[in-house]
Every structure is written in structure tokens, then in C-alpha cells.
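The primary structure of each chain is shown beneath.
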Amino acid sequence: MPPIFSRATPSQERRAEREGRVVVRVLVGTDGRVKQVERVSATTDAFYRATLDRALAKWRFKPATRDGVPVEAWRSMALTFVLQN
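These numbers were taken from a predicted model, which means no experiment stands behind them.

Visitor: Explain helix α2 (residues 45–57) to me, please; I cannot follow it from the model alone.
Guide: Because the α-helix completes a turn every 3.6 residues, residues three or four places apart line up on one side. In this model α2 runs 18 Å from its N-terminal to its C-terminal C-alpha over 13 residues, within 8% of the 18 Å that 1.5 Å per residue would give. Every buried residue belonging to α2 is among A46, F47, Y48, A50, T51 and A55, and all of these are buried. Buried residues along α2 sit in contact with α1 (11–15), β2 (20–28), β3 (34–42) and β6 (73–81).

Visitor: Would you mind going over the pattern of salt bridges with me for this structure?
Guide: Once the charged atoms of two side chains with opposite charge are near each other, the side chains can pair. Counted under the stated rule, the structure contains four salt bridges. Residue K35 pairs with E72 through a salt bridge whose shortest N-O separation is 2.3 Å. Linking K35 in strand β3 with E72 in the loop between β5 (69–71) and β6, this pair joins segments that are 37 residues apart in sequence. When its relative accessible area of 40% is taken as the criterion, E72 is described as partly exposed.

Visitor: What is the right way to look at the pairing of β2 in this model?
Guide: Walk down a regular strand and you will see the side chains alternate between the two sheet faces. By the criterion of burial, β2 is predominantly enclosed, with seven of the nine residues buried. Across seven bridges, the pairing between β2 and β3 is antiparallel. Residue pairing in the sheet places V28 in a bridge with V34 of β3. Where β2 folds back onto β3 in an antiparallel hairpin, the turn is made up of five residues, including G32, whose phi is positive at roughly 90°.

Visitor: Just checking my understanding: could you explain unusual backbone geometry for this structure?
Guide: In the Ramachandran plot, E17 falls in the positive-phi region, its phi being about 60° despite a non-glycine side chain. Along the chain, E17 falls in the loop between α1 and β2. Using a relative accessible area of 65% as the deciding quantity, one classes E17 as exposed. A positive phi angle, near 55°, is found at D67, a position not held by glycine. Relative to the helices and strands, D67 is located in the loop between β4 (64–66) and β5.

Procedures and definitions
Residues numbered from 1 in each chain as written. Predicted model: local features only at pLDDT ≥ 70, side-chain atom pairs only at ≥ 80, totals over all residues. Heavy atoms only, no water. Helix = DSSP H or I, 4+ residues; strand = E, 2+ residues; numbered from the N terminus. Expected span 1.5 Å × (residues − 1). Buried < 20%, exposed > 50% of the residue type's maximum accessible area, 1.4 Å probe, protein only. Contact = heavy atoms within 4.5 Å. Salt bridge = Lys/Arg side-chain N within 4 Å of Asp/Glu carboxyl O. Pairing = 2+ DSSP bridges.

Laid out in C-alpha cells, this is it:
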């Protein structure tokens, strides 16, 4: 199940009462931080920008390893933005 975000919904999308979905590929560095984000699909540019900002600033992963050594690796992520009443 993809992560669901309510507070991260862009304000213009919230005002328009739109929900959205974004699919991205992220390059996870050896330190677990996101180094690069590629857009696969997004309901709107605003949802993609919100995902990009959050990914680069906050997302952390356990890095992939090869022979026990951390390596950079691409990972696909699907996110859903929902409105809460």
C-alpha cells in the first residue's frame, strides 16, 4: 500500500478539494538519503513538486548493499495525497 499524505497536500490542491497520486523513481545514496528524483506520473505538477520537496528534504532509506557494502540504487515509490475532513 502506498504512503498516504494529508498534511502534505499542496494548498492550491486542498482549496480545489483535489486528491492526487504521484509515482516517482528515487536514487538512494549510500547514506540513505535521496539524491535524485525522476517523475514517472503525477496527477498535477503541484503534487509532484510537493513529493519532490519532501523526498529531498525528509525521506531516508536503508541503502542497498552489495557484498555488505552500501551502494546507490534506484527505487520506485507511489504516493497518494488524500483530503481529511
